[in-house]
Amino acid sequence: MGALKHLVLPLCTAAHLFAIGVFLVEGKEYMADLLEWPRTTVRLTPVERHLLGAGFAFHVVLAINNIAAIMVESAHYRAMATFLELVLYSLDLADAMYENTFLGDGMTLFTLVPLATMSIVTFLGLLLHSQEPGLFTKDKNTKKMK
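Residues numbered from 1 in each chain as written. Predicted model: local features only at pLDDT ≥ 70, side-chain atom pairs only at ≥ 80, totals over all residues. Heavy atoms only, no water.

## Topic: the side chain of His16
In step 1: Here His16 is to be found in helix H1 (residues 3-26).
In step 2: At a separation of 2.8 Å, a polar atom in the side chain of His16 contacts the side chain of Glu85.
In step 3: Once residues within four sequence positions are removed from consideration, His16 is found in contact with His59, Leu62, Ala63, Asn66, Glu85, Leu88 and Tyr89. (Helix = DSSP H or I, 4+ residues; strand = E, 2+ residues; numbered from the N terminus. Polar contact = N/O pair within 3.5 Å; in protein donor to acceptor, adjacent residues only side chain to side chain. Contact = heavy atoms within 4.5 Å.)

## Quick word on the nonpolar core
In step 1: With 15 residues, the main nonpolar core has Leu4, Leu9, Cys12, Tyr89 and Leu115 as its most contacted residues.
In step 2: For this core, the elements supplying multiple residues, two or more each, are H1, helix H4 (75-102) and helix H5 (109-130).
In step 3: Considering every element that reaches this core, the biggest residue donor is H4, with 6 residues.
In step 4: Leu115 has contacts with Tyr89, Asp92, Leu93 and Ala96, leaving out every residue within four places of it along the chain. (Core = buried A, V, L, I, M, F, W, Y, C linked by side-chain atoms within 4.5 Å. Buried < 20%, exposed > 50% of the residue type's maximum accessible area, 1.4 Å probe, protein only.)

## What about the confidence of the model for the protein?
In step 1: Scored by pLDDT, the protein comes out at a mean of 84, with 81% of its residues at no less than 70.
In step 2: Ranking the elements of the protein by mean pLDDT puts helix H2 (residues 28-34) last, at 85, and helix H3 (residues 46-71) first, at 94. (pLDDT = per-residue confidence, 0-100.)

## Overview of H1
In step 1: Taking 1.5 Å as the rise per residue, H1 with 24 residues should run 34 Å; its terminal C-alpha atoms sit 33 Å apart, in good agreement.
In step 2: At Leu9, H1 shows its maximal kink, close to 30°; a proline, Pro10, follows between one and four residues later.
In step 3: Of the residues one or two after H1, Gly27 is the one with positive phi, at around 95°. (Expected span 1.5 Å × (residues − 1). Bend = angle between axes of the 7 residues up to and from the residue.)

## Considering H3
In step 1: Taking 1.5 Å per residue as the helical rise, H3 with its 26 residues ought to reach 38 Å, and the 38 Å between its terminal C-alpha atoms agrees with that figure.
In step 2: Listed as buried for H3 are Glu48, Leu52, Gly53, Leu62, Ala63, Asn65, Asn66 and Ala69.

## A short note on the pattern of salt bridges
In step 1: Overall, the coordinates contain 3 salt bridges when judged by the stated rule.
In step 2: Where Glu73 meets Lys5, a salt bridge forms, and the shortest distance between an N and an O atom there is 2.7 Å. On the criterion of sequence distance, the pair formed by Glu73 in the loop between H3 and H4 and Lys5 in helix H1 is long-range, its members being 68 residues apart.
In step 3: On the accessibility criterion, Glu73 (52% relative accessible area) is exposed.
In step 4: You can call Lys5 partly exposed: its relative accessible area is 23%.
In step 5: The partner of Arg49 in a salt bridge is Glu29, with the nearest N and O atoms 3.7 Å apart. Here Glu29 lies in helix H2 and Arg49 lies in helix H3, a separation of 20 residues in the sequence.
In step 6: Taken together, the salt bridges that share partners define one network made up of Lys5, Glu73 and Arg78. (Salt bridge = Lys/Arg side-chain N within 4 Å of Asp/Glu carboxyl O.)

Spelled out as structure tokens, the structure:
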């Protein structure tokens, strides 16, 4: 059992599919409310709508990449897919902390907890992966001694 294939990437994929579902069912306005975007107007501006659409595209692309990484037998591909997830979640967390904490708006747990959790999960997954084979998997390429 590989940690990335059976735990980390499926969890990341589920998070992306959840976000895609919210976008498709509820729309961009609901997503902006869910993410607690500060707005000066009740309706989203065209730029805000575009940024939310780009966020939707990120979720679609990363979900497809994760599914491919799970299906393809390549440990390097899985590591790169997980690294992309780590970059996404950790930079989003850093930006949220900067925008909310350092600029004085106050950090909400809704923003902090999921981003911090996914950053930690992806980091730990990569850390475990760096120690393989041995912890959760056996090397498929070693020759058996008779």
